[in-house]
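Chain residues, written in single-letter form:
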Amino acid sequence: MTTATAPDPARLAASPAEKKARRRSLLHWIAVHSLGIAAALFFVLPFVFVLLTSLMSDQQALTRDLTPNSWHWDNYVRVLETPGFLTWWKNSLLYAGLGTVLVVVSSIPVAYALAKFRFRGRHLSLLLVISMMMLPPQVVIIPMYLFWAKQMDLSGTLWPLIIPMVFGDAFAIFLLRQFLLTIPNEYVEAARIDGCGEFRTLIRVVLPMAKPGIAAVALFQFFYCWNDYFGPQIYASENPGAWTLSYGLESFKGAHHTDWNLTMAATVLVMAPVILVFFFAQKAFVEGVTLTGVKG
Amino acid sequence: MSTDTLPAKEAAAPAAPSPGGRNTLRHKRRRNALRTLAFMSPWLIGFGVFFAYPLVSTLYFSFMKYDGLNPPEWRGVGNWTYVFTEFPQFWPALRNTLWLGVVMVACRVLFGLGVGMLITKIKTGAGVFRTLFYLPYLAPPVAATLAFVFLLNPGTGPVNSLLEAVGVPAPSWFNDADWSKPALTVLAVWGVGDLMVIFMAALLDVPKEQYEAAELDGASPWQRFRFITLPNISPIVLFAVVTGVIGAMQYYTQPIVAAKVASGKMGGSGEVFVPGYPDDSTLTLPQLVYNLGFSQFNYGAACVVALVLFAFSMAFTALLMRRRGGLIGSGD
């Protein structure tokens, strides 16, 4: 791009070969950015159509129109006034908020031990953590359901989903461990030589350095809970008072068969918190994705 | 090398003339073992209660006739033969999983790589583009699926309106057995942000000198991609493929929500939801566990499908872990 904007004196005396190279790089710039805009449209247009439809009148939502004739912001009020919708919001926040705190607190010491201690069975433990991480939740759902519903009598609530988070989460442990590996051992050793106990080393020395990793884990866990559909379907489906937004949204569509405008407004309300959180914590999030995939 | 738990270190330090040297060494080792145990304890309990025990229990129930009401009864391999030979949804679900594992994963990896390369080339507004490309990955699956069933609906959907406006015959997407999986693939490709970020990081790690050397040798763009980019990022491509296949086997929320919404039968009062709508084309193995267990109360057969799912997942996870320096990396 510099070639196109900078009034370079040498440019006047440019040889034909240089001119050709400049034109090629300009063409390259245009090609790359056109492709970029095309891709951006593919990623953004679905959001735009959803948003536009959510603002249409009931009648217009049944047509093929792409933009609303009149803007019906009250659709959002109607969605929020739907019985249950605010309860689902509250439940989602409870599940995601409590889940995040519990998982972060319980996963940190495990990840620390896996990253910085040497003990027999460390490699095996790591293999088992990864196996748990890759295990589809449906594999163990029958015994888990029987346990929570028949023995603990907790079906119809979200507790069967929240309580297990007291015991760490394989994905959080793995991601945190990957992050803790990037903290040089010298810091840990220096703290030990200064007479810090392991626990104090973790709290005082390691945790302050691990903030980005912890933020990434917290975000992933929050989104996992917020998006979870299978868990609430298994344990909470019988009791609409315990539904989360992700689960309730589907039945919202069921109750408003043809009202695409209201359904899309509800969809926006479910997507919005996630997108908002992302804008505030973009860096931590992208770092987390990279960490699980690439670094070792 | 971090470590006060390594016995070799103590042994190599002879300047410890305390009389009970061996004793304190043993003492220290035991203390270290206890400390490790304490730090690992949340996960150790979790592993036992939420992984090992239910896995053994799933195996047990796979040989039992059990409906949740009457006490379990021994059924031998009856559940297994039922699932493999009589249960009509097993093979369609397996075929769908195979389709998703090949086509959907291939589309996601190719598209993710393409977008990742594009983003490394963009000079102006790279941050904005990256955010826009990444955003759909964050859309909650239920919401994203609802949105796409609307966008692709054959009656009033904007996509088909646009297709017809330019004269392309518009398919019925989620309402056509031949097009429901491609529609799900479009949805999955839309959410390719995770792969884009991973590929982007890998592409930026390719040593610049190699490109410069190739340029001097007069290599074409394709040759540069083929002989420099691809060999450098191939471990990441493999990682993306294997985790993609594992994801395809776990594919649950999107197909079930799409089938419910597109069929208009949510399984609410008086309506019977037909899983796999249309014509079993969106059935996946995890859905069978749900259908068998929680709609038909045939827990034994559900456990058989669960174990099939387990075997596949572990096979691919093992593939992932065999690679050195990949997912696990070395901790030292």
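Calculation criteria
- Residues numbered from 1 in each chain as written.
- Chains lettered and ligands numbered in written order.
- Predicted model: local features only at pLDDT ≥ 70, side-chain atom pairs only at ≥ 80, totals over all residues.
- Helix = DSSP H or I, 4+ residues; strand = E, 2+ residues; numbered from the N terminus.
- Rg over C-alpha atoms; globule rule 2.2 N^0.38 Å.
- Contact = placed C-beta atoms within 7 Å.
- Domains from an automatic or database assignment.
- Expected span 1.5 Å × (residues − 1).
- Bend = angle between axes of the 7 residues up to and from the residue.
- Buried ≥ 20, exposed ≤ 12 C-beta atoms within 10 Å, placed from the backbone.
- Nonpolar A, V, L, I, M, F, W, Y, C, P; charged D, E, K, R; others polar.
- Axes fitted to C-alpha atoms, helices over the stretch in contact; angles between N-to-C directions.
- Parallel < 35°, antiparallel > 145°, perpendicular 65-115°, else oblique.
- Left-handed = near helix turned anticlockwise from the far one by under 90°.
- Core = buried A, V, L, I, M, F, W, Y, C linked by C-beta atoms within 7 Å.
- pLDDT = per-residue confidence, 0-100.

Before we go on, may I ask you to explain the overall build of chain A in this structure?
When you go through chain A residue by residue, the secondary structure sums to 16 helices and zero strands. Taken against the 2.2 N^0.38 rule, which gives 19 Å for 296 residues, the C-alpha radius of gyration of chain A at 26 Å runs more than 25% over that of a compact globule. When its C-alpha atoms are laid out on the principal axes, chain A stretches across 80 × 65 × 30 Å. Counted over contacts in chain A with a minimum sequence separation of 6, partners at least 24 positions apart contribute 73%.

Honestly, the overall build of chain B in this entry has me stumped. Any pointers?
Within chain B one finds 14 helices and two strands. Here the contacts in chain B between residues at least 6 apart in sequence split such that 67% fall between residues at least 24 apart.

How should I be thinking about the domain arrangement of chain B in this particular structure?
It is common to give the size of an interface as the accessible area that goes away when the parts come together. Domains assigned within chain B are domain 1 (7–61) and domain 2 (88–322). Taking only C-alpha atoms into account, the centre of domain 1 of chain B sits 42 Å from that of domain 2 of chain B.

I tried to follow helix α11 (residues 221–249) of chain B on my own but got confused; where do I start?
Since the α-helix packs 3.6 residues into each turn, any two residues three or four apart lie on the same face. Residues and elements named next belong to chain B. The end-to-end C-alpha separation of α11 is 36 Å, well short of the 42 Å expected for 29 residues at 1.5 Å each. Remark: the principal bend of α11, roughly 55°, maps to serine 234, with a proline, proline 235, within the next four residues. Residues of α11 that are buried include every one of Ile233, Ile236, Phe239, Ala240, Val242, Thr243, Gly244, Val245, Ile246, Ala248 and Met249, and no others.

Just to check I follow, could you spell out the interface of chain A and chain B for this structure?
Between chain A and chain B, the contact holds 84 residues from the first and 87 residues from the second. The greatest single-element share of the side of chain A that touches chain B, amounting to 13 residues, is contributed by helix α3 (residues 16–54) of chain A. When its residues are assigned to classes, the side of chain A that touches chain B shows 54 nonpolar, 21 polar and nine charged.

Explanation requested: the domain arrangement of chain A in the structure shown.
All names here are of chain A. Here chain A is partitioned into domain 1 (2–54) and domain 2 (78–293). Just the C-alpha atoms count here: the centres of domain 1 and domain 2 sit 40 Å apart. Listed as interface residues are four residues of domain 1 and, on the opposing side, six residues of domain 2. Residues that form the side of domain 1 that touches domain 2 fall into these classes: two nonpolar, two polar and no charged.

Mind showing me how you'd approach the packing of helix α4 (residues 90–121) of chain B against α11 of chain B here?
When two helices pack together, their arrangement is given by the angle between the helix axes and the distance between those axes. Residue and element names in this part refer to chain B. It is the contact of α4 with α11, at a shortest axis distance of 9 Å, that shows an interaxial angle of 140°. With respect to α11, the element α4 is oriented oblique. Like other packed secondary-structure pairs, α4 and α11 cross with a definite hand, here right-handed. Across the interface between the two elements, Thr97, Leu100, Gly101, Met104, Val105, Arg108, Val109 and Gly112 of α4 pack against Val237, Ala240, Val241, Gly244, Val245, Ala248 and Met249 of α11. Partitioned by chemical class, the residues of the contact of α4 with α11 number 10 nonpolar, four polar and one charged.

Is there a simple way to think about the nonpolar core in this case?
Side chains that are nonpolar tend, in soluble globular proteins, to be buried together. If you look at the biggest cluster of nonpolar residues, it comprises 168 residues, and the most contacted ones within it are Ile173 of chain A together with Met196, Val305, Ala306 and Leu309 of chain B. Those residues in contact with alanine 306 of chain B that sit more than four places away from it in its chain are Gln138, Val139 and Ile142 of chain A together with Thr58 and Val289 of chain B.

Before we go on, may I ask you to explain the confidence of the model for chain B in this structure?
A low pLDDT score tells you not to read the predicted coordinates there in detail. Residue and element names in this part refer to chain B. For chain B, per-residue confidence averages 86 on the pLDDT scale, and 89% of positions sit at 70 or higher. Across chain B, helix α8 (residues 180–190) holds the top mean pLDDT of 96, while helix α1 (residues 7–11) sits lowest at 40. Considering only residues more than four positions removed or in separate chains, one finds that residues 328–332, a stretch of pLDDT under 50, has 10 contacts. Per the prediction output, this complex has pTM 0.87; the corresponding ipTM is 0.87.

Hey, could you run me through the packing of α3 of chain A against helix α6 (residues 141–151) of chain B in this one?
Between α3 of chain A and α6 of chain B, the shortest axis-to-axis distance is 10 Å and the interhelical angle comes to 80°. With respect to α6 of chain B, the element α3 of chain A is oriented roughly perpendicular. Of α6 of chain B, the residues touching α3 of chain A (which contributes Pro46, Phe49, Val50 and Thr53 of chain A) are Ala147, Phe150 and Leu151 of chain B. Tallied by class, residues from the contact of α3 of chain A with α6 of chain B come to six nonpolar, one polar and no charged.

Where do I start with the confidence of the model for chain A in this structure?
Residues and elements named next belong to chain A. Mean pLDDT over chain A: 87, with 92% of residues reaching 70 or higher. Here helix α1 (residues 2–5) stands out as the least confident element of chain A, with mean pLDDT 44; helix α8 (residues 159–162) is the most confident, with 96. Note on residues 1–7: pLDDT is under 50 here. Beyond four places in sequence and across chains, it has seven contacts.

I'm lost on the environment of arginine 30 of chain B in this one. Help?
All names here are of chain B. Checked against the element boundaries, arginine 30 lands in helix α2 (residues 21–61). Overall, the presence of 10 C-beta atoms within 10 Å leaves arginine 30 in the exposed class. Separated by 219 residues in sequence, arginine 30 and methionine 249 place their C-alpha atoms 43 Å apart.

Mind showing me how you'd approach unusual backbone geometry here?
For the bond running from tyrosine 277 of chain B to proline 278 of chain B, omega is -10°, close enough to zero to count as cis. Relative to the elements of secondary structure, proline 278 of chain B occurs in the loop between α12 (253–263) and α13 (285–295). Backbone geometry places aspartate 153 of chain A, a non-glycine residue, at a positive phi of 55°. Here aspartate 153 of chain A lies in the loop between α7 (141–151) and α8. With a phi close to 50°, aspartate 279 of chain B is a non-glycine residue in the positive phi region. As for its position among the elements, aspartate 279 of chain B is in the loop between α12 and α13.

Sorry if this is basic, but what is going on with the environment of leucine 138 of chain B here?
With respect to the helices and strands, the residue leucine 138 of chain B is situated in helix α5 (residues 126–138). Remark: the alpha-carbon pair of leucine 138 of chain B and tryptophan 179 of chain B, spanning 41 residues in sequence, is separated by 25 Å. For leucine 138 of chain B, the contacting residues outside a window of four places in its chain are Phe223, Val274, Ile275 and Phe278 of chain A.

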